[in-house]
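# Architecture at a glance
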Amino acid sequence: MTLQKVIFPVENYDLALTLASGQAFRWRRSGDAWEGVIGSRWVRLRQENGCIHAETAGQVEDWQWLRHYLQTDVDLETILSAFPDDSPMREAVAACRGLRLLRQEPWECLASFICSSSKQIVQIEQIVGLLCRRFGPAMTVPPDMNCAGAFPTAERLATVSEAELRECKLGFRAPYLCGTARKLAAGEVDLSRLGGLPLEEARAALLTLPGVGIKIADCVLLFAYGFQEAFPVDVWITKALQQLYFPKRRANLPRLRHFSRSHFRPYSGYAQQYLFHYMRTRRSPNEKK
DNA sequence: GGCCAGGCGCGTA
DNA sequence: TACGCGCATGGC
């Protein structure tokens, strides 16, 4: 079997930062490259000299699926220059140069984030890996490559018991994933239709699914459908907004959500990802220099 | 060993 | 509307 290869020139793109930034959960570092799965394709990516080098197994007609996933045609400078001109955002941008948003497949993104609640990113990666290994369809991979399958379909997970999901470390999230998979398999919500709706309507549809609240819905709206104004508020973003924008008084979650909806437009989603990564990686203020 | 993690759903005030 | 709590599991 021969590997198919392609090279994309990119600007203002930090591949490693992006793949490891907690939006997608199937990427593993392997030497100077990253190996992962996009849809039903095994992929290896490497950034070198202003280019992303990609390899995949199996036939490739064209590479649009990969450009779309990596969002290589997005002009990041335009987005960064539209961020609010305040010191938190300036610091976040300086700390995360080249951080991008990916465009993921909706079901995988939704299911992954149902697994994410009250979990650290490494644990989410572990859960998603177990789901793929156990229930995912096989893929074409390079020889001698031990790789889990592609992400299992909603139809497949709809047939799986809660107990089997708990064996994949889902814990209390098992009935959520089970329930959502079954609702989708039954056609009660059509994920392929949400991208064409206004943001509020797409969010409302996601909120009818078990285990999906505002935060997870906003992750899917942003990371899968590309709604630029979605702004997921998780524990890190709560800390960021509280410390950086409301240091004097305690602000509750609804208030923070309200503030974020107006303050960071129009590229709120990108701003959120920058704040998220900035908070997770910056040295804590009381840590010694 | 204790705190906390890319939360949600439900009960209560 | 705004909290508080329980829910599994494991990283640090």
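Residues numbered from 1 in each chain as written. Chains lettered and ligands numbered in written order. Predicted model: local features only at pLDDT ≥ 70, side-chain atom pairs only at ≥ 80, totals over all residues. Heavy atoms only, no water.

Turning our eyes to something else, we now look at the layout of surface pockets. Volume-wise, the largest pocket comes out at about 550 Å³. As for the largest pocket, its lining consists of 26 residues, of which Lys119, Lys215, Asp234, Val235 and Trp236 are closest to the centre. Secondary structure elements with two or more residues in the lining of the largest pocket: α6 (121-135), α12 (214-223), α13 (235-245), α14 (253-263) and α15 (268-281). Its residues assigned to classes, the lining of the largest pocket shows 13 nonpolar, eight polar and five charged. (1 Å grid on protein atoms, 1.4 Å probe; cavity = no way out; pocket = protein on both sides within 12 Å on 5 of 7 lines; lining within 4 Å. Points joined across faces, edges and corners; volume = space filled by probe spheres on them. Helix = DSSP H or I, 4+ residues; strand = E, 2+ residues; numbered from the N terminus. Nonpolar A, V, L, I, M, F, W, Y, C, P; charged D, E, K, R; others polar.)

Here we take up the protein's contact with DNA strand B. Near DNA strand B, the surroundings consist of 31 residues, among which Gly22, Gln120, Ile121, Gly211 and Gln272 are the closest. Considering DNA strand B, the proportion of its atoms within 4 Å of the protein that are sugar or phosphate atoms stands at 66%. Gly211 places a main-chain nitrogen or oxygen 2.6 Å from a phosphate oxygen of DNA strand B. Between DNA strand B and Arg280, the relevant distance is 3.4 Å, taken from a phosphate oxygen to a side-chain nitrogen or oxygen of the residue. Sorting the residues of the surface near DNA strand B by element identifies α6, α12, α13 and α15 as the ones contributing at least two each. Of the residues contributing to the surface near DNA strand B, the split by class is 15 nonpolar, eleven polar and five charged. (Near = heavy atom within 4 Å. Polar contact = N/O pair within 3.5 Å; in protein donor to acceptor, adjacent residues only side chain to side chain.)

What follows deals with the side chain of Gln272. Topologically, Gln272 is positioned in helix α15. A residue is classified by how much of its surface remains accessible, and Gln272, at 4% relative accessible area, is buried. Among the polar contacts made by the side chain of Gln272, one reaches the side chain of Gln273 at a distance of 3.4 Å. (Buried < 20%, exposed > 50% of the residue type's maximum accessible area, 1.4 Å probe, protein only.)

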